[in-house]
Amino acid sequence: MTGIFLQAFIYLVAAVIAVPIAKRFGLGSVLGYLIAGVVIGPVVGLVGDETITIQHFAEFGVVMMLFLVGLELEPKMLWAMRNRLMGLGGLQLGLTAAAVMGVALFFDQQWSIALSIGLIFALSSTAIVLQTFNEKGLTKTEGGRNAFSVLLFQDIAVIPMLAFIPLLALPELVAKAQSAAASAAEHHEEMSLVAGLPGWAMGIVITASIAGVVVGGHFLSRPLFRFVASSGLREIFTATALMLVIGIAALMSLVGLSPALGTFLAGVVLANSEFRHELESNIEPFKGLLLGLFFITVGAGINFGILFDDFALIIGLTLGVMLVKALVLLLLSVIFKIKGSGRWLFALSLAQAGEFGFVLLSFTTQNYVLPMEIFQLLSLVVALSMFLTPGLFILYDKVILPRYEHASNDREADEIDEKGTVIIAGVGRFGQVVNRLLTANGVKTVVLDYEASQVENLRQINIKSYFGDATRPDLLHTAGIDGASMLVVSMDNQEATTELVKYVKHTYPQVKVIARAFDRRHFYMLRQAGADYVEKETFHSALEVGSQALRCLGVHPFLVEQQKVKFKRIEDTSSDKLYETWLGGEESQSYDMHFRHLFIQFEETIRAAMDEDHMDRHGLSEREWTPPPKDYLDDFSDESKPTDSEKPV
Amino acid sequence: MEQEKHDGVVNAPKKVLVLFAHPSLRRSEVNAPLFNVADNLDGVTFIDLYAEYPTFHIDIDREQKRLLAHDVVIFQFPLYWYSTPSILKEWQDLVLEYGFAYGTGGTALQGKVFMCAITAGGKEDYYRAEGFNHFNIRELLHPLEQMSNLVGMRYLAPYALFGARTAVEDCRVKKHADGYRQLLTALVDDVLDLDVVAEHETVNAANLGSMMKGASE
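Residues numbered from 1 in each chain as written. Chains lettered and ligands numbered in written order. Predicted model: local features only at pLDDT ≥ 70, side-chain atom pairs only at ≥ 80, totals over all residues. Heavy atoms only, no water.

**Student:** How would you sum up the overall build of chain B? Please name residues and give values.
**Tutor:** Check the secondary structure of chain B and you find 8 helices and 6 strands. Written out in order from the N terminus, the α and β elements of chain B read β-α-β-α-α-β-α-β-α-α-β-β-α-α. The 217 residues of chain B split such that 53% are buried. When contacts within chain B are restricted to residue pairs at least 6 apart in sequence, those whose partners lie at least 24 apart make up 73%. (Helix = DSSP H or I, 4+ residues; strand = E, 2+ residues; numbered from the N terminus. Buried < 20%, exposed > 50% of the residue type's maximum accessible area, 1.4 Å probe, protein only. Contact = heavy atoms within 4.5 Å.)

**Student:** Help me get a handle on the overall build of chain A, residues and values and all.
**Tutor:** Helix and strand counts for chain A come out as 27 helices and 6 strands. Considering only contacts within chain A whose residues lie at least 6 apart along the sequence, 74% involve residues at least 24 apart. A total of about 32,400 Å² of accessible surface is found on chain A, and carbon and sulfur atoms cover 64% of it. (Areas by Shrake-Rupley, 256 points an atom, 1.4 Å probe, with all protein chains shown as cover.)

**Student:** An account of helix α15 (residues 311-335) of chain A is requested, with residue identities and associated values reported.
**Tutor:** Residues and elements named next belong to chain A. Between the first and last C-alpha of α15 there are 36 Å, a value that for 25 residues agrees with the 36 Å anticipated at 1.5 Å per step. Here α15 has its buried residues at Ile314, Thr318, Val321, Met322, Lys325, Ala326, Val328, Leu329, Leu332 and Ser333. Lysine 337, located one to two residues past α15, shows a positive phi value of around 55°. (Expected span 1.5 Å × (residues − 1).)

**Student:** So, the interface of chain A and chain B: which residues are in play, and what are the values?
**Tutor:** Counting residues at the interface gives 17 residues for chain A, matched by 17 residues for chain B. Where chain A abuts chain B, roughly 1,500 Å² becomes buried across the two surfaces, and 55% of that area is made up of carbon and sulfur atoms. At the boundary of chain A and chain B, one finds 0 salt bridges. Taken together, the links from chain A to chain B amount to 1 residue pair in polar contact (both at pLDDT 80 or more). Of the residues contributing to the side of chain A that touches chain B, the split by class is 6 nonpolar, 4 polar and 7 charged. (Buried area = accessible area lost by both parts, 1.4 Å probe. Salt bridge = Lys/Arg side-chain N within 4 Å of Asp/Glu carboxyl O. Polar contact = N/O pair within 3.5 Å; in protein donor to acceptor, adjacent residues only side chain to side chain. Nonpolar A, V, L, I, M, F, W, Y, C, P; charged D, E, K, R; others polar.)

**Student:** Could you give an account of the side chain of serine 349 of chain A, naming the residues involved and the relevant values?
**Tutor:** All names here are of chain A. Tracing the sequence through the fold places serine 349 in helix α16 (residues 340-349). The exposure class assigned to serine 349 is buried, which follows from its relative accessible area of 0%. Among the polar contacts made by the side chain of serine 349, one reaches the main-chain carbonyl oxygen of leucine 345 at a distance of 2.7 Å. Not counting residues within four places of it along the chain, the set of residues in contact with serine 349 comprises Val129, Phe133, Ala147, Trp344, Thr389 and Phe393.

**Student:** So, the environment of histidine 594 of chain A: which residues are in play, and what are the values?
**Tutor:** Within the element layout of this structure, histidine 594 of chain A appears in helix α27 (residues 589-611). Sequence separation between histidine 594 of chain A and tryptophan 582 of chain A is 12 residues, and the spatial gap between their C-alpha atoms is 9.5 Å.

**Student:** How would you explain the side chain of glutamine 131 of chain A if you had to name every residue and give the values?
**Tutor:** Tracing the sequence through the fold places glutamine 131 of chain A in helix α7 (residues 126-136). With a relative accessible area of 13%, glutamine 131 of chain A lands in the buried category.

**Student:** Which residues make up the packing of helix α3 (residues 51-72) of chain A against helix α13 (residues 276-300) of chain A, and what are the values?
**Tutor:** Residue and element names in this part refer to chain A. It is at 7 Å that the axes of α3 and α13 come closest, and there the two elements cross at 145°. Note that α3 runs across α13; the crossing there is left-handed. Grouping the amino acids of the contact of α3 with α13 by side-chain chemistry returns 19 nonpolar, 4 polar and 6 charged. (Axes fitted to C-alpha atoms, helices over the stretch in contact; angles between N-to-C directions. Left-handed = near helix turned anticlockwise from the far one by under 90°.)

**Student:** So, the pairing of strand β5 (residues 512-517) of chain A: which residues are in play, and what are the values?
**Tutor:** Residue and element names in this part refer to chain A. Where strand β4 (residues 486-489) meets β5, 4 bridges bridge the pair, whose relative direction is parallel. Its bridge partner being in β5, leucine 487 is matched across the sheet by valine 513. Sheet topology places β5 next to strand β6 (residues 533-536); 4 bridges connect them, and they run parallel. Pairing of alanine 517 across the sheet is with lysine 536, part of β6. A crossover links β5 with its parallel partner β6, the connecting element being helix α24 (residues 520-529), and its sense is right-handed. (Pairing = 2+ DSSP bridges. Right-handed = clockwise from strand over helix to strand, strands pointing away.)

**Student:** An account of a nonpolar patch on the surface is needed here, citing residue identities and associated values.
**Tutor:** Residues and elements named next belong to chain A. Where nonpolar side chains cluster on the molecular surface, the patch consists of Phe9, Val13, Ile17, Ile21 and Phe25 and spans about 520 Å² of accessible area. In this structure, valine 13 sits in helix α1 (residues 2-24). A residue is classified by how much of its surface remains accessible, and valine 13, at 31% relative accessible area, is partly exposed. (Patch = residues over 30% accessible without salt bridge, like charges linked within 9 Å, V, L, I, M, F, W, Y side chains within 5 Å.)

**Student:** Residue-level account of the pattern of salt bridges, with values.
**Tutor:** This structure, assessed with the given rule, holds 28 salt bridges over all chains. Between arginine 472 of chain A and aspartate 474 of chain A there is a salt bridge, with its nearest N and O atoms 2.9 Å apart. Taking the relative accessible area as the measure of exposure, arginine 472 of chain A reaches 9% and is therefore buried. A salt bridge links glutamate 63 of chain B to arginine 66 of chain B, with the nearest nitrogen and oxygen atoms 2.6 Å apart. Here glutamate 63 of chain B pairs with arginine 66 of chain B, and both are found in helix α3 (residues 60-68), just 3 residues apart, close to one helical turn. For glutamate 63 of chain B, a relative accessible area of 0% gives the class buried. One network of salt bridges, in which partners are shared, links Arg429, Asp492, Arg516 and Glu537 of chain A.

**Student:** Tell me what's going on with the sheet that holds strand β3 (residues 465-467) of chain A, and back it up with residues and numbers.
**Tutor:** Residue and element names in this part refer to chain A. Spatially, β3-β2-β1-β4-β5-β6 is the arrangement adopted by the 6 strands of the open sheet, whose pairing is parallel. Looking at which strands have only one partner, the edges of the open sheet turn out to be β3 and β6. Averaged over all adjacent pairs, the angle separating strand axes in this sheet is 20°, with direction ignored. Across 3 bridges, strand β2 (residues 445-449) lies against β3 in parallel orientation. What sits directly across from valine 447, in β3, is serine 465.

**Student:** I'd love a proper account of the packing of helix α5 (residues 82-106) of chain A against helix α6 (residues 111-122) of chain A, names of residues and values included.
**Tutor:** All names here are of chain A. The interhelical angle for the contact between α5 and α6, taken along N-to-C directions, is 135°, at an axis separation of 7 Å. Judged by the inter-axis angle, α5 sits oblique to α6. When the axes of α5 and α6 are compared, the crossing they make is right-handed. Between α5 and α6, the contacting residues are Gln92, Leu93, Thr96, Ala97, Val100, Met101, Ala104 and Leu105 on the first element and Trp111, Ala114, Leu115, Ile117, Gly118, Leu119, Phe121 and Ala122 on the second. Here the contact of α5 with α6 is composed, by residue class, of 13 nonpolar, 3 polar and no charged. (Parallel < 35°, antiparallel > 145°, perpendicular 65-115°, else oblique.)

**Student:** Go over unusual backbone geometry, please, and point to the residues and values.
**Tutor:** All names here are of chain B. For tryptophan 81, which is not glycine, the phi torsion reads 45° and is therefore positive. Here tryptophan 81 shows up in the loop between β3 (72-78) and α4 (86-95). One non-glycine residue, tyrosine 82, lies in the positive phi region at around 60°. Relative to the helices and strands, tyrosine 82 is located in the loop between β3 and α4.

What follows is the structure in structure tokens.
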């Protein structure tokens, strides 16, 4: 137990120190984790043997990442990008594999070895690339979107590869292995539902599992989430989210499929769910930590012994692989007309081998396709290429992007489609009117509410809404607060509303915040919290009812309208002054007296304004049309003097 | 004050206030480009009345202060039923108060210059005694001319574009907008011969050049 604590502590210390430093120097968190790994592993030697075990555990971060990727992808969107996915992704995989295979053949490797090396290096690192895109806000750019479709295709392509690679097994390796470890292999056999089943039954089980994930995700998840949400316990929701991801991963492993792909599928199924944002924000921190752990293990796993023995070869291979990959990607960007800075982002971001490369490497070795020496060599190449990737992003940021920034407006155009999003927190009877007006005018809104039934109701009338507690920073984040232009807060809980306004104005000052106040006191608190605009929830409807009452009493409708406007203006100015007083100190003794005094004073002002003789237009600054005095024609009696300031009125 | 212009002395720049009224700016084909011209000029204050008072509750004090701070007042609007869009009428009703613009003590606007910048749907020959509209544009704008007289402002001929609905198709907008810029700049620099402008029926991009000080001599 102590050992585990110590190990965990070492890993965490390394991350806590290295990542913020790396970020400060603009290197990105991935490089930070990698460096942390190198330091605690090969350099200082604090960790070592357990790295491989931890890596298996950390690979679960990749599984979670794909679940989150799936959540972002509605099936409709996936279908819309099918051409890019197949065309771009398929060509990238095929061409890169062929090119790398060609190089391997040139170095006199057997064709089966060359082919599997080609496949291994055709894959890129989803983890590094997506993480970096997220951090740098590149996800929505042209280059980012294309890179994403390639990554997605690669992740899917891993499955047929896993099925195909055993066919390449080298007879001599198999023979060697069989004699050595024939019995040991039996023990290491993983738990499986499909082991020993005939081909057709295996097919049925696999199909049934996938169908189970899709159908269950579609029909069972909602009642489950609603049931859990009704408990009001946040940690149980987190537990449910984890249960879901781990359960699906386990099921997929049991039937011999990729857990990452299974959770990805589940993510896609749940992408339409109103619980999507809540799920996302629950899984996100686990994913982040596990991925970080994964990168640390990559860093820690670098075998400096082998590296220094074959330094030139390994570095040469690494750079060669990256060059080949980048060239293939550049070629594709020309074919697919990816322009400007997007082309370079696309080519540079994917020019590394990925975590699935590790998986395939160990898989190929286990299946006697690759000999051990090549495995060790290539593991280093994969790790090093991942290690160098943040450098490519820095190259892109510092060298490539500045060249395009003034030359073209590509980037500007990219970002516009995400601008103008309004997040509405709380869509009860109040917020939903706000939402309807906005969406009717083509404003993109993201609606959050913590009342599952409310969200359900809105969904039934086709209003896009998500279940979730808007006061949670992580949920706000996944709802896209940093890209949003406005937040409308119309939640019932007064304290939560104030806290939310305070938090958002503090963390995202560029986001305009419009808040609904419960009453006068809440109104002041929201102003103090920094809301850009506050409205008392019942003021306007009360004003309407009041003026309707006046109309019913026989007052001329236009006069009623004028009085209403006047009333509102005085209320607004008095509200400013009362706010100043309120700010002065709610606790102080004199406050109550003073406030009450001011309030009474304003009530008198309003009454006076309502009674105001229209002729006495200097009485107040609020005015409407006033007729000239009865004797005003006298002014014009003398043609030569249209105005006469001497004459008394 | 008419003597000054012959001295060749450069006068202090004038401040021009453009009060713009168009109830549907997003549909505007001519006034919107003019809007952009006026909005970017030094010495010109551009007020989109419908934007500022979407509920028609005009702030009288603020508008009167604006008037006091400027030397030239321009109403820019599309001609609706031979008159201004309704907010400009509301603006006149409320802002040009007794005691401010006319009547006892109402001298605030005296000596300022007033002008309209209008777009009319009909062709220019519709606005003739013998034409479809029976009156020329200057006659149709008599209420504004008399308003200007009553408050003691100098009334100038309107800067007008006719056949406005087909101006975009006929590629006439740019020339008209350039002329508008020229007109506003001339007003700011005070190089327009106001006597000449006052005599014309309309001002447009073509005849503007002949109205500069010294152009007739």
